[in-house]
Structure formats: structure tokens, C-alpha cells
Amino acid sequence: MKIYLATGNKNKKREMQELLSEHTILIPSDEGISFDPDETGTTFYENSIIKAKTLYDIVHAPVIADDSGISVDALGGVPGIYSARYAGPEFEKGKPDGTKISQEEQNLFLIQQTNGAIKNGKLPEMPYLHGERSCHYTCAMVMYAGPDRIFVAQETFEGQLISRIEDQAGDGGFGYDPIVFLPEYNKTIAQLTADEKNAISHRGKAVRALQKIINLI
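Residues numbered from 1 in each chain as written. Predicted model: local features only at pLDDT ≥ 70, side-chain atom pairs only at ≥ 80, totals over all residues. Heavy atoms only, no water.

S.K.: Help me understand the overall build of the chain, please; the structure alone is not making it clear to me.
M.R.: The helix and strand inventory of the chain stands at five helices and eight strands. The order of helices and strands in the chain, counted from the N terminus, is β-α-β-α-β-β-α-β-β-β-β-α-α. The C-alpha radius of gyration computed for the chain amounts to 17 Å, which stays within 12% of the reference 17 Å derived for 217 residues, consistent with globular compactness. In the chain, once contacts between residues fewer than 6 apart in sequence are set aside, the share between residues at least 24 apart is 57%. When the accessible surface of the chain is summed, it comes to about 10,600 Å², and 49% of that surface belongs to carbon and sulfur atoms. One way to put it: in the chain the 22 positive side-chain charges average out to a point 1 Å from where the 30 negative ones average out. (Helix = DSSP H or I, 4+ residues; strand = E, 2+ residues; numbered from the N terminus. Rg over C-alpha atoms; globule rule 2.2 N^0.38 Å. Contact = heavy atoms within 4.5 Å. Areas by Shrake-Rupley, 256 points an atom, 1.4 Å probe, with all protein chains shown as cover. Lys, Arg positive; Asp, Glu negative; His and termini not counted. Charge placed at Lys NZ, Arg CZ, Asp CG, Glu CD.)

Here it is in C-alpha cells:
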């Protein structure tokens with residue numbers, strides 16, 4: 001089955017194609033579709049619905065959309081839904097003019113901001129799964145097969161933010177993956193193989209939760 005993925009991120013397309021290898025995954029740019037919805041939601045779920053419906057109204061075919069991001073417990077969940085726009089402690093929700101900084105800068109700022117919060121010692125009460133550097137990814141995924149046929153799964157992927165940018169490692173994955181350490185694997189997420197990551201990641205778990213439904217559509 002041909003399924004559209006509501007994103008411009010080719011890395012997400014690659015991961016989704018690996019996870020749903022029996023289907024053909026297309027992103028809007030594959031067919032010359034202009035796609036840049038205004039993500040005005042206040043949760044991962046709301047943003048995924050916005051993206052899914054927007055693309056469905058264009059292609060009138062099954063659409064998968066996800067909204068995902070990283071949340072650092074010592075920062076009370078920052079950057080969360082603003083992960084792609086995060087521009088440091090002064091612009092946690094993104095710069096007012098909408099410009100974005102590089103991923104390398106985002107990684108450095110997030111480590112520095114976390115280090116500052118820990119040094120300050122005034123940490124929010126959170127379930128710190130991996131100590132005071134605990135963090136997690138969240139993925140809210142929607143399968144939109146029509147206005148009255150909407151299926152949703154939301155999953156997480158827990159890790160630990162490294163303390164020095166010099167310790168980032170790995171060339172797999174994307175985004176914040178090189179700075180998220182997995183104690184149980186003794187690796188960063190970016191050091192995992194594609195199969196290892198897909199087996200335990202927030203996106204992999206969300207896809208598997210929806211897969212049986214997808215195969216019935």
C-alpha cells in the first residue's frame with residue numbers, strides 16, 4: 001500500500017520505510033507537493049493531527065504523521081514540542097522571527113542549559129529514570145485514513161543527556177541522538193544500528209502499535 005508520511009524530513013522517511021518495509025512510503029516532496037503546515041498545537045498529539053489532516057486533504061490517501069521531540073527532566077520537559085525550533089535558554093520555543101539554528105548549536109545549548117540547571121540545584125520534581133540527567137523522546141503518531149478513521153499511538157524512549165558536547169558520539173540517527181546516552185547499551189542513540197534503534201525507539205514502538213491496524217486498511 002502507498003502511504004504518505006507528513007514530513008519533509010528524509011531521515012524520518014528512511015526510518016519509516018525500514019519499519020513498514022511491506023508498504024511504499026512517500027513524503028510530499030517526492031511528488032512535488034508543497035507542505036509546510038502551521039503547527040499550532042500544544043501537545044505532540046495535536047501537532048500530529050494537524051499535519052496528518054493537512055496532507056490528507058491534499059492527497060486523499062492514507063497518511064501517517066508524527067510529532068516527536070526530546071524532553072529533559074531537569075528542565076521540566078524542555079524543549080518538548082519545540083525541539084525542532086529550540087534555540088537555547090533564551091529561545092526555548094524558538095526565535096521570534098522563525099529562524100532556526102543548526103543541530104550542532106541545539107545540542108550544545110541543551111547540554112549547557114541542563115548543566116546550568118543541575119549546578120543551580122533547583123530541579124523540578126520528576127521521575128528521574130536515569131538520574132538528574134534523565135531525558136526522553138516522545139512520539140505521537142497518527143494514521144489518518146479519513147475524517148472518521150483516525151488511529152493514534154504515543155510512545156517514549158528514555159535515556160540520559162551527556163554532560164559534555166565533546167562526548168557526543170555516533171553517526172547514525174539524527175537530531176539530538178548523538179547526545180543521548182543509553183546506560184543499558186553503553187552507547188548513544190546515534191551509535192545504535194538501525195535495527196537496534198527501531199527495536200526500542202519511540203517511533204519504532206509507535207509504529208508497531210499501529211501496524212496491525214495499518215495492515216487492515
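Now that the structure is up, let's keep going.
S.K.: I'm lost on the packing of aromatic side chains in this one. Help?
M.R.: The description of an aromatic ring pair rests on the distance of the ring centres and on the angle between the ring planes. A complete count under the given rule lists two aromatic pairs for this structure. Pairing tyrosine 56 with tyrosine 144 gives two aromatic rings, centres 5.1 Å apart and planes at 55 degrees, and the pair type is tilted. On the criterion of sequence distance, the pair formed by tyrosine 56 in helix H2 (residues 44-59) and tyrosine 144 in strand S5 (residues 134-146) is long-range, its members being 88 residues apart. The exposure class assigned to tyrosine 144 is buried, which follows from its relative accessible area of 4%. (Phe/Tyr/Trp six-rings, centres within 6.5 Å; stacked < 30°, edge-to-face > 60°. Buried < 20%, exposed > 50% of the residue type's maximum accessible area, 1.4 Å probe, protein only.)

S.K.: Could you clarify how one ought to interpret unusual backbone geometry in this entry?
M.R.: Backbone phi values are negative for most residues with the exception of glycine, while trans is the configuration of most peptide bonds. Valine 78 connects to proline 79 through a cis peptide bond whose omega is 0 degrees. Relative to the assigned elements, proline 79 resides in strand S4 (residues 78-79). At histidine 60, a position not held by glycine, the phi torsion is positive, near 50 degrees. Along the polypeptide, histidine 60 turns up in the loop between H2 and strand S3 (63-72). Despite not being glycine, asparagine 186 has its phi angle at roughly 55 degrees, a positive value. Along the chain, the position of asparagine 186 falls in the loop between strand S7 (180-182) and strand S8 (187-188).

S.K.: What am I meant to see in the environment of glutamine 168 here?
M.R.: Considering the arrangement of structural elements, one finds glutamine 168 in the loop between strand S6 (149-161) and S7. Its relative accessible area of 37% is what places glutamine 168 among the partly exposed residues. Between the C-alpha atom of glutamine 168 and that of glycine 69, which follows or precedes it by 99 residues, the distance is 18 Å.

S.K.: Which parts of the structure should I look at to understand the nonpolar core?
M.R.: Generally speaking, a soluble globular protein has its nonpolar side chains buried in company with each other. Ranked by size, the top nonpolar core spans 22 residues in total, and within it Leu110 and Leu161 carry the most contacts. When residues of this core are traced back to their parent elements, those giving at least two are S3, helix H3 (103-120), S5, S6 and S7. No other element matches the four residues that H3 contributes to this core. Beyond its immediate stretch of four places on either side in the chain, leucine 161 contacts Val72, Leu110, Ile111, Thr114, Arg133, Cys135, Ile179 and Val180. Within the second largest apolar cluster, 16 residues are counted, among which are Ile3, Cys139, Met141 and Leu210. (Core = buried A, V, L, I, M, F, W, Y, C linked by side-chain atoms within 4.5 Å.)

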